[in-house]
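Breakdown of the fold
If you want the building blocks of each chain, they are given just below.
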Amino acid sequence: MESSASIEIAKQALLTFGLILAVGSFVGILAKKLKTPDVAIFLLVGMLLGPEMLGLIDIKADSAANQLILIFGSCYILFDGGASLKLKVLKEVWLTVVILATLGVLISMLVTGVVAYWILGIPFIIALLLGATIASTDPATLVPVFQQVKIRERVAQAVMSESAFNDAMGAIATFTILGIAAGHAEFSLFGSIGELLWQSCLGISVGGVLGYLAAVLIAHERFSFLLEYAPLVTLMAVIGAYMGADGAHASGFMAVFTFGIILGNKDMFGFAMREREAERMEDYILTTALIMRMFIFILLGSQVNFTLMNEYLVGGVIIVLVLMFIGRPLTVFACAALDPKAKWTRNELLFMCWTRETGVIPGALAGMLVGMKAPGADVVASVTFIAILMTILIQATTTKWVAGKLGMLEEG
């Protein structure tokens, strides 16, 4: 009987994955025709197919399958985003990125927390927990949007890098405040800064070492004996970078992003692949990243809890609007002012204000808080779902239009 039950579970999972691939492929083509970022359409389709509507997809948020898809999918999309960055451009804006990913997260957290305290009437520490959960931006959303909408290099790379680096800060802030809310810890500024530096430096080191090693194995003039298996090397290294950094209590996402940057800029280290092999690897990465987007956002949409979301709908919408139109602009302009050498224009900063989608990482943090039965977890999860829906459906779909109005689109 156990074997039979296992087979049925396997068949159901296979049917679900096949459905996601089939529907995702059709929706991806539709998104291209509509010239709309596919992540927004995937999210809507997921809501339609989820248990609260058609019931065709029902993978629980706390299941091992869901966590596997979210972690690996986010890692691969991050790797793809890192590989598309150019180090020579990133050198111009690195200070802004660092400030946005650290101080910027704290500003967004405080603004959101204060507004949530006033609007929802919840304890201030729970309001701060909510603010910390949704303070970081989402690379799994921003990377594919910027790959579909061609934005000026330095702006796109600053925003994508910020989204990759601020996850560590968002997670540290969330669990520090959770410890205070649960009465298990006291806030330590120096302790938090030290933990952030440790996670960041170790994550960058792990990703850098693996990126250089991968470049040697697939592109070195003498030692590239894995050239024919270059696509598989990216899979192995993405998993290795995340698990290696996570095992050392560092930021796995930062390690994967750094790995992508090193591999994507291997020519700067004296490595070069043959054109045919480079094209084959690029096609593989693009296809795999597309599949990961399908799974992540269709599953994320299918797990939207409408009952829980409706409980705090009005207050949640107000909080997210304040975050979008007050918190984010305050964050961007304050942080950019600390980096005068970058010489950001007003239109560049305005565009950066509009790109702060909430997605997979905040959703995962909210899910963890619910699973841990953390204080105020229900209100945090409710507002987080509202933030995910609003920012992706409003901001991701209008990125190209806003970029055009502000003159941020790449010519040609």
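Higher on the page you've got the structure.
Quick look at the structure, then. Fair warning: this is a prediction, and the values are worked out from it, not measured in the lab.

1. Remarks on the overall build of the chain
- Secondary structure assignment for the chain yields 16 helices and zero strands.
- Taken over the C-alpha trace, the chain has a radius of gyration of 21 Å; the compact-globule value for 412 residues is 22 Å, and the two agree within 12%.
- Across its three principal directions, the C-alpha atoms of the chain cover 65 × 65 × 45 Å.
- For the chain, buried positions account for 54% of its 412 residues.
- In the chain, the proportion of contacts linking residues at least 24 apart, taken out of those at least 6 apart, comes to 83%.
- Within the chain, one finds 25 positive and 30 negative side-chain charges whose respective centroids are separated by 9 Å.

2. Notes on the layout of surface pockets
- Size it by volume and the largest pocket reaches roughly 1,500 Å³.
- Counting residues per element, the ones that place at least two in the lining of the largest pocket are α1 (2–34), α3 (64–83), α4 (87–120), α6 (139–148), α7 (153–181), α10 (252–264) and α11 (275–302).
- Ala61, Asp62, Gln303, Gly367 and Phe385 are, among the 29 residues lining the second largest pocket, the residues nearest its centre.
- Elements that contribute at least two residues to the lining of the second largest pocket include exactly α3, α11, α15 (360–371) and α16 (377–406).
- The element contributing the most residues to the lining of the second largest pocket is α15, with seven residues.
- Residue composition of the lining of the second largest pocket, by class: 15 nonpolar, nine polar and five charged.

3. Digging into the packing of aromatic side chains
- Taken as a whole, this structure holds seven aromatic pairs when the rule is applied.
- Ring centres of Phe72 and Tyr76 lie 5.9 Å apart, and the angle between their planes is 40°; this geometry places the pair in the tilted category. Taken together, the positions of Phe72 and Tyr76, both in helix α3 and four residues apart, correspond to about one turn of that helix.
- Ring geometry for Phe79 and Phe259: centres 5.2 Å apart, planes at 25°, overall stacked. Taken together, the residues span a long stretch of sequence, with Phe79 in helix α3 and Phe259 in helix α10 at a distance of 180 residues. Judged on exposure class, the residue Phe79 and its partner Phe259 are both buried.
- By way of ring pairs, the aromatic residues Phe72, Tyr76, Phe79 and Phe259 are connected into one cluster.

4. Comments concerning the packing of helix α9 (residues 230–247) against α10
- Contact geometry of α9 with α10 gives a least axis separation of 7 Å together with a crossing angle of 140°. The interaxial crossing formed by α9 with α10 has right-handed handedness. Residues Thr234, Ala237, Val238, Ala241, Tyr242 and Ala245 of α9 lie in contact with α10, whose contacting residues are Gly252, Phe253, Ala255, Val256, Phe259 and Leu263.
- The residue inventory of the contact of α9 with α10, partitioned by class, reads 10 nonpolar, two polar and no charged.

5. Overview of the nonpolar core
- Membership of the largest hydrophobic core comes to 135 residues, with the highest contact counts inside it found for Ile151, Phe297, Trp344 and Phe351.
- In terms of residue count, α16 provides more of this core than any other element does, 15 residues in total.
- When near neighbours in sequence (up to four residues on either side) are disregarded, Phe351 contacts Phe146, Ile151, Val155, Thr399, Val402, Ala403, Leu406 and Met408.

Cut-offs and rules
- Residues numbered from 1 in each chain as written.
- Predicted model: local features only at pLDDT ≥ 70, side-chain atom pairs only at ≥ 80, totals over all residues.
- Heavy atoms only, no water.
- Helix = DSSP H or I, 4+ residues; strand = E, 2+ residues; numbered from the N terminus.
- Rg over C-alpha atoms; globule rule 2.2 N^0.38 Å.
- Buried < 20%, exposed > 50% of the residue type's maximum accessible area, 1.4 Å probe, protein only.
- Contact = heavy atoms within 4.5 Å.
- Lys, Arg positive; Asp, Glu negative; His and termini not counted.
- Charge placed at Lys NZ, Arg CZ, Asp CG, Glu CD.
- 1 Å grid on protein atoms, 1.4 Å probe; cavity = no way out; pocket = protein on both sides within 12 Å on 5 of 7 lines; lining within 4 Å.
- Points joined across faces, edges and corners; volume = space filled by probe spheres on them.
- Nonpolar A, V, L, I, M, F, W, Y, C, P; charged D, E, K, R; others polar.
- Phe/Tyr/Trp six-rings, centres within 6.5 Å; stacked < 30°, edge-to-face > 60°.
- Axes fitted to C-alpha atoms, helices over the stretch in contact; angles between N-to-C directions.
- Left-handed = near helix turned anticlockwise from the far one by under 90°.
- Core = buried A, V, L, I, M, F, W, Y, C linked by side-chain atoms within 4.5 Å.

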